Amino acid sequence: MNTLAVTCEDVLKANDRGTHTVPSPGLYPHQWLWDSCFAAIGWAHINPERAKQELLSLIHGQWHNGMVPHMIFSMDKKYARDRNMWRSWVSPNSPNDVATSGITQPPVLAEAVWRVGNELPANERSQFFTKMYPVLVRYHSWLYLERDPHSEGLALLIHPYETGLDNTPPWEQQLREHSRPFWIAAIENIGLEKYFNMVRRDTRSIPSEQRMRNIDALMAWDAILRLRRKRYDIDMILHRSLFAIEDVGFNAIMVRNNQIIRDIAKIIYRKIPKQLDENMQKSVIALESLWDETYSIYFSRDFITNKLLKQPTISSLLPIYSGVIDKKRAAMLVKIMTTAGAYWTDYPVPSVPKNSRVFNEWRYWQGPTWLNTNWLIIDGLQRNGFSQEAQALISHTLKMVRENGIWEYYNPKTGEGLGSSDFTWTAALTLDLLHQSGEHHTDKAAQS
Ligand code: GLC
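Residues numbered from 1 in each chain as written. Predicted model: local features only at pLDDT ≥ 70, side-chain atom pairs only at ≥ 80, totals over all residues. Heavy atoms only, no water.

1. Considering the overall build of the protein chain
Summing up its helical and strand segments, the protein chain has 19 helices and eight strands in all. Whereas a compact globule of 448 residues would reach a radius of gyration of roughly 22 Å, the protein chain reaches 21 Å, a difference of no more than 12%. Seen through its C-alpha atoms, the protein chain measures out along the principal axes to roughly 60 × 50 × 50 Å. Across the protein chain, the fraction of contacts at a sequence separation of at least 24, relative to all contacts at a separation of at least 6, is 71%. (Helix = DSSP H or I, 4+ residues; strand = E, 2+ residues; numbered from the N terminus. Rg over C-alpha atoms; globule rule 2.2 N^0.38 Å. Contact = heavy atoms within 4.5 Å.)

2. So, the side chain of Thr-424
By the element assignment, Thr-424 lies in helix H18 (residues 424–436). Since its relative accessible area comes to 1%, Thr-424 is described here as buried. With sequence-adjacent residues up to four places away left out, Thr-424 is seen in contact with Leu-12, Asn-15, Thr-21, Val-22, Pro-23, Ser-24 and Ala-39. (Buried < 20%, exposed > 50% of the residue type's maximum accessible area, 1.4 Å probe, protein only.)

3. Section: helix H13 (residues 274–287)
When the terminal C-alpha atoms of H13 are compared, their 20 Å separation across 14 residues agrees well with the 20 Å that a helix rising 1.5 Å per residue should span. Listed in full, the buried residues belonging to H13 are Leu-276, Asn-279, Met-280, Ser-283, Ala-286 and Leu-287. Summarising the axial view, the buried residues of H13 lie within an arc of 125 degrees, below the 170-degree limit, and thus occupy one face. Those residues of H13 that are exposed and aimed more than 90 degrees away from the buried face are Lys-274 and Ile-285. Packed against the buried residues of H13 are helix H6 (122–147), helix H12 (248–267), strand S4 (291–292), strand S5 (297–298) and helix H14 (319–322). (Expected span 1.5 Å × (residues − 1). Arc of directions from axis to C-beta.)

4. Brief notes about the pairing of strand S7 (residues 407–410)
Here three bridges tie S7 to strand S8 (residues 417–421), and the two strands are oriented antiparallel to one another. Following the sheet pairing, Trp-407 is matched in S8 by Ser-421. Here S7 folds back onto S8, and the loop between the two strands holds six residues, one of which, Gly-415, carries a positive phi near 80 degrees. (Pairing = 2+ DSSP bridges.)

5. So, the environment of Gly-380
Looking at where Gly-380 falls in the secondary structure, it is placed in helix H16 (residues 371–383). Judged by relative accessible area, which is 0%, Gly-380 ranks as buried. Considering only alpha carbons, one finds Gly-380 and Leu-318, 62 residues apart in sequence, at a separation of 8.0 Å. Sequence-distant contacts of Gly-380, that is, excluding residues within four places in its chain, are made with Ile-320 and Tyr-321.

6. So, helix H3 (residues 48–59)
The terminal C-alpha atoms of H3 lie 17 Å apart, and with twelve residues this matches the ideal 16 Å at 1.5 Å per residue to within 8%. Those residues of H3 not exposed but buried are Arg-50, Ala-51, Lys-52, Glu-54, Leu-55, Ser-57, Leu-58 and Ile-59. In this structure, the buried residues of H3 make contact with strand S1 (31–32), helix H2 (33–46), strand S2 (71–72), helix H5 (109–118) and H6.

7. Some details on the pattern of salt bridges
On inspection of all chains with the given rule, the structure shows 29 salt bridges. For the salt bridge of Arg-329 with Glu-293, the shortest nitrogen-to-oxygen distance reads 3.8 Å. Residue Arg-329 is located in helix H15 (residues 327–338), and its partner Glu-293 is located in the loop between S4 and S5; the two are separated by 36 residues in the primary sequence. Residues Arg-383 and Asp-379 are paired through a salt bridge, measuring 2.8 Å at the closest nitrogen-oxygen approach. (Salt bridge = Lys/Arg side-chain N within 4 Å of Asp/Glu carboxyl O.)

8. Let's talk about the packing of H2 against H18
Look at H2 against H18: their axes get within 8 Å of each other, and the N-to-C directions meet at 40 degrees. Taken together, the axes of H2 and H18 lie oblique to each other. Every pair of crossing elements has a handedness; the one defined by H2 and H18 is left-handed. On H18, the residues touching Trp-34, Asp-35, Phe-38, Ala-39, Ile-41, Gly-42, His-45 and Ile-46 of H2 are Thr-424, Trp-425, Ala-428, Leu-429, Leu-431, Asp-432 and His-435. Its residues placed into classes, the contact of H2 with H18 shows nine nonpolar, four polar and two charged. (Axes fitted to C-alpha atoms, helices over the stretch in contact; angles between N-to-C directions. Parallel < 35°, antiparallel > 145°, perpendicular 65-115°, else oblique. Left-handed = near helix turned anticlockwise from the far one by under 90°. Nonpolar A, V, L, I, M, F, W, Y, C, P; charged D, E, K, R; others polar.)

9. What about the packing of H2 against H3?
For the pair H2 and H3, interaxial distance at closest approach is 7 Å and the crossing angle is 165 degrees. The angle between H2 and H3 places the two elements in the roughly antiparallel class. In this structure, H2 meets H3 at a crossing whose hand is left-handed. Contacts between H2 and H3 involve Leu-33, Ser-36, Cys-37, Ala-39, Ala-40, Trp-43, Ala-44 and Ile-46 from the former and Pro-48, Arg-50, Ala-51, Glu-54, Leu-55 and Leu-58 from the latter. Class assignment for the residues of the contact of H2 with H3 results in eleven nonpolar, one polar and two charged.

10. Some thoughts on the site of the ligand
Every residue lining the ligand is accounted for by Pro-23, Tyr-28, Trp-32, Trp-34, Asp-35, Gln-105, Gly-164, Asp-166, Tyr-364, Trp-365, Phe-423 and Trp-425. In the environment of the ligand, an oxygen atom lies 3.0 Å from a nitrogen or oxygen atom belonging to the side chain of Trp-34. Residue Asp-35 places a side-chain N or O atom 2.5 Å away from an oxygen atom belonging to the ligand. Burial of the ligand by the surrounding chains reaches 96%, relative to a free accessible area of 310 Å². (Near = heavy atom within 4 Å. Polar contact = N/O pair within 3.5 Å; in protein donor to acceptor, adjacent residues only side chain to side chain. Areas by Shrake-Rupley, 256 points an atom, 1.4 Å probe, with all protein chains shown as cover.)

11. Digging into the packing of aromatic side chains
One pass over the full model with this rule turns up 21 aromatic pairs. Aromatic pair Tyr-28 and Phe-423: ring centres 6.0 Å apart, planes at 70 degrees, arrangement edge-to-face. Residue Tyr-28 is found in the loop between helix H1 (4–14) and S1, and its partner Phe-423 is found in the loop between S8 and H18; the two are separated by 395 residues along the sequence. Considered together, Tyr-28 and Phe-423 belong to a single accessibility category, that of buried residues. (Phe/Tyr/Trp six-rings, centres within 6.5 Å; stacked < 30°, edge-to-face > 60°.)

Structural data, given as C-alpha cells:
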C-alpha cells in the first residue's frame, strides 16, 4: 500500500507534461497560473530543478504589459477551440509565440518563487531570484497601473475567473445583476439551460451538481466574449462598465506577495521601483477598508458603487494570509473561522460557510473545502502567531486527504472527494503540509 506522500508524488509525476504540470489529466489539459505556482511548491520537495522549470514555463506567457495570464494553452490541435475562445492574439500586448487567456488569477507567483528558491543551493537561489525579480516587478506594477485606476491601493477584477473561485456567490450575484444579456435571461426563463450540458466538457465526466450551473457558466462565457471584443484593453473594458470588483481574496494575496517581492529584493540587493513601493504601502492600509464591523469579517467591494458585497465566503478569511491586518481583527477572523456551525465544519474550511443561505456542500466554490485556500489560511495563521489553530487545520486537512484520496475539492461535512480525481494542487500542497508537520519522513519510512 502506498503512503500519502508517495501518492502525492505519483500524482504530480502523472500530471507532469515536462515543462509544466496540468491540474488534472482529463478535465484541465492546459497550464493555469495559480495551479502551477502551487504545483511548484510541491515539486520543490521532490525536485527543485523541476519546480524552477514549472515557474519558468509560466512566465513564458507574460504579456508585454506585465500581466501574467491565468491560462497558457496547450498547442495540441485538439484544443484549438479553447485557444480560439480567448484569442489572446487580438491584443497587441499578448506574447507572440504562445496562446493565453486575457485575464489574470490570484498573484501567488512571488510565494512560489520564494518557496522554490529556498530549496535551491545558495548560488542557484540568487540566480533564480535575479531572473524572477524583474518579472514579479513588472507583474505587480501592471496590477497597479491597469487595475487600480483610482490609485486606491486595491486591484479590481473584471472576470470571476480572476478570483480563482469561479462561481463564488457574491460574484455570481453581481454577474446576474449587471452582466446578464437578454438572451441568457431568455434561455433561463424558458428553461433551456439544461441543454447546454451537451457542450460542456466538465459535466461529461463529473456530476453536474458538483460544477457551475449552466446559466452561470453561460454568463461567465459571455463575459469572456465581451472582454475579447474589447481586445482586453482595460480602458475600453472599464468605459461605462457596471461590473468591476475589488476582490478581497485576490487583494489579500497581492499584499502578501508584495511583501515577498520586498524580501526577494533584499536578498539580491535591489531597490523596489519608487512607484511600486508607494503602491505597495498604500495596499496595506487599503485592505482594511474592506473590513465590515457588523459581520466582523472582510468583504469584496463593488468598484462601481463602492459598496461592500456582504456575502461571506472563504475570501472573507484570506486577509489572514496577507500578514498585515490589525491584530484584533485577525483574532476575530480566527474566532469566527473556528466556531462550529459556519466555517468550522467536520472537514474545514468550506468555500462558503455552512450557515449561508447559498451554501451547497457539493457545488464547486459554493461550499466544498479546497486544499489551496486551506494552505493559504494555514500559512497566514502561522505568521500571525496562531500556531495551535494552524496545527489543527493541518491535521484536519491531512485527515481529509488521507481518508478520501487526492481530489479537486471535498464535501465539507463528510470529506467525500468531489470534482476531478488526481488533482495537482491537492497533491502538491498535501506534500508541503506533510513536510511542514514532519510527517513526510514517517510516511516514507513506513513504506520502506
Ligand atoms: C477552475 C478553478 C480555478 C483553477 C482551474 C484549474 O477554473 O476555479 O481556480 O485554477 O480550475 O484547476
